[in-house]
Amino acid sequence: MMEVLLRLLVTQVILLALATSFVSCYDPNPLQDFCVAASETNRVFVNGKFCKDPKSVTANDFSYSGLNIARNTTNFLGSNVTTVDVNKIPGLNTLGVSLARLDFAQGGQNPPHIHPRATEILVVTKGKLLVGFVSSNQDNNRLFYKVLKRGDVFVFPIGLIHFQMNVRRTRAVAFAGFGSQNPGTIRIADAVFGSNPSIPQEVLAKAFQLDVKLVRFLHIVFGPPLW
Ligand code: MN
């Protein structure tokens, strides 16, 4: 009896260990100190980028300047996101982190979007932001939201739809860290109504319970330029 229980316990421990390793297997640890991304001379990719010869790596490969500078927010969203990922800092290659600066005009917003490869952690350094994310259908699409002031931090879990909006009559600034060298961004409106070629109008009309005329209008707003 004792032996059976012991065997059951050992099996459970092994299963738990396996489950844990499956959960963490999508972002492997680097096999070396660093793997500074080399310029892309051909179209073959190794974990995103080739590594530069370590002997020719300098401090500049790990550096970026200018994130203190406010960006132009004169666009229809009233916001500007400056990403500092592996394309800006080649030394981030294989290291699994990156950064962004978010500028907001009065009333500006970073519209509902997803990062397919990273969780985001954001800190407000100026102004006030209403931020939130929506959980999956299995969790009944609950909205988790908060108004953040200077110094407040919020986390947006990987793959969940989220947004940020300036709710004060001043500019707002935030910085965000990501758990990927290349988190990627999918703006929902762009992806759904602005795909190239377009998702058929009947699909979108039924899916979003919209008149086909409105779908056509949204295609024009979010779609690629017609010329
Ligand atoms: Mn985001």
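Right above here is the structure, for reference.
Residues numbered from 1 in each chain as written. Predicted model: local features only at pLDDT ≥ 70, side-chain atom pairs only at ≥ 80, totals over all residues. Heavy atoms only, no water.

Time to look at the layout of surface pockets. Approximately 260 Å³ is the volume attributed to the second largest pocket. Every element with two or more residues in the lining of the second largest pocket is listed here: strand E1 (79–84), strand E2 (98–104) and strand E3 (109–114). Broken down by element, the lining of the second largest pocket gets its largest block of residues, four residues, from E1. Classifying every residue of the lining of the second largest pocket gives seven nonpolar, 10 polar and three charged. (1 Å grid on protein atoms, 1.4 Å probe; cavity = no way out; pocket = protein on both sides within 12 Å on 5 of 7 lines; lining within 4 Å. Points joined across faces, edges and corners; volume = space filled by probe spheres on them. Helix = DSSP H or I, 4+ residues; strand = E, 2+ residues; numbered from the N terminus. Nonpolar A, V, L, I, M, F, W, Y, C, P; charged D, E, K, R; others polar.)

So, about the state of the cysteines. Tallying each qualifying case throughout the model produces one disulfide. In this model, Cys-35 is linked to Cys-51 through a disulfide, with the two sulfur atoms separated by 1.9 Å. When the S-S torsion is -80 degrees, as for the bridge of Cys-35 with Cys-51, the disulfide is left-handed. Taken together, the residues Cys-35 in the loop between helix H1 (2–23) and E1 and Cys-51 in the loop between H1 and E1 connect sequence positions 16 residues apart. (Disulfide = S-S within 2.5 Å.)

Mapped onto the elements of the fold, Phe-133 is located in strand E5 (residues 129–134). Each C-alpha atom, one on Phe-133 and one on Pro-112, is 8.5 Å from the other, the two residues being 21 residues apart in sequence. Discounting chain neighbours no more than four positions away, the residues touching Phe-133 are Arg-142, Leu-143, Phe-144, Phe-154, Val-155, Phe-156, Pro-157, Leu-160, Ile-161 and His-162. (Contact = heavy atoms within 4.5 Å.)

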